[in-house]
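# Summary of the model geometry
Chain by chain, the residues:
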Amino acid sequence: RRRKKMKQRSIPHVAGLFDSHIDLHTLLDPLPVGIALLNPNREIVVMNQALEALTGFREPDVKGVPCGYVLRSSLCPFKCPLRGSGRLLDTVCCEGDIVNRDHQRIPVRLSYAPIRSGSGSIKGYLESVEDVRFMRALDGTMGAAYGFGKLIGSTQVDELGVLPVVPVPDGVPC
């Protein structure tokens with residue numbers, strides 16, 4: 001009798017990487033994207049400097065506050081991947097807007113990933129927030145290099161000294 005080998009999904013983890021406790025800010029603050037570590041109740045545990053700059057909130061002021069009250073994303077009310085009866089099992093990436101402390105709407109790319117223990121149980125979530133304002137601005141100007149954009153029908157054509165060329169058949173007096 002042959003026994004079928006069951007493939008078990010190995011959970012990658014690093015043991016002994018740090019010989020003592022470390023301050024997570026030394027790892028997260030140099031990153032150019034906003035990062036928040038959330039507990040299983042979706043409350044802020046750690047927030048890096050990039051996310052503080054993006055939201056306008058300081059970490060000490062929002063520790064323990066649900067992430068929806070800090071990010072105020074367009075996804076929070078109805079499309080939050082962390083909300084609902086099911087738990088987030090894999091990484092999810094989506095685009096939306098957040099509203100910062102100054103009430104400015106900022107387009108962002110949000111990524112959510114579960115943080116698992118060695119046994120596979122969910123201990124919290126990692127939420128990354130990438131500001132995509134620059135990317136959206138580039139999208140709007142990409143075609144401008146190959147077209148006339150705002151020149152046609154504007155007074156800028158006159159400033160350039162460009163006059164329309166009208167073909168005139170031979171023998172027709174001007």
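See the structure shown above.
The present account deals with the structure reproduced in this document.

Basis of the calculations
Residues numbered from 1 in each chain as written. Predicted model: local features only at pLDDT ≥ 70, side-chain atom pairs only at ≥ 80, totals over all residues. Heavy atoms only, no water. Pairing = 2+ DSSP bridges. Helix = DSSP H or I, 4+ residues; strand = E, 2+ residues; numbered from the N terminus. Axes fitted to C-alpha atoms, helices over the stretch in contact; angles between N-to-C directions. Polar contact = N/O pair within 3.5 Å; in protein donor to acceptor, adjacent residues only side chain to side chain. Salt bridge = Lys/Arg side-chain N within 4 Å of Asp/Glu carboxyl O. Buried < 20%, exposed > 50% of the residue type's maximum accessible area, 1.4 Å probe, protein only.

Attention now goes to the sheet that holds strand E2 (residues 44–47). With antiparallel pairing, the five strands of this open sheet are ordered in space as E2-E1-E5-E4-E3. Taken across any chain shown, the strands that pair with only one partner, and hence form the sheet edges, are E2 and strand E3 (92–99). The average angle at which neighbouring strand axes cross in this sheet is 30 degrees, direction not considered. The pairing of strand E1 (residues 34–38) with E2 spans three bridges and is classified as antiparallel.

Our focus in this paragraph is the side chain of Ser117. Following the sequence through the fold, Ser117 ends up in the loop between strand E4 (105–116) and strand E5 (122–131). A polar contact of 3.0 Å, which involves the side chain of Ser117, links it to the side chain of Ser119.

Our next topic: the pattern of salt bridges. For the structure shown, the criterion picks out five salt bridges. Between Lys63 and Glu59 there is a salt bridge; the shortest N-O distance is 3.3 Å. Between Glu95 and Arg109 there is a salt bridge whose closest N-O contact spans 3.3 Å. Highlighted residues: Glu95 in strand E3 and Arg109 in strand E4, separated in sequence by 14 residues. Assessed through its relative accessible area of 25%, Arg109 is described here as partly exposed.

In short, geometric facts, not functional conclusions.
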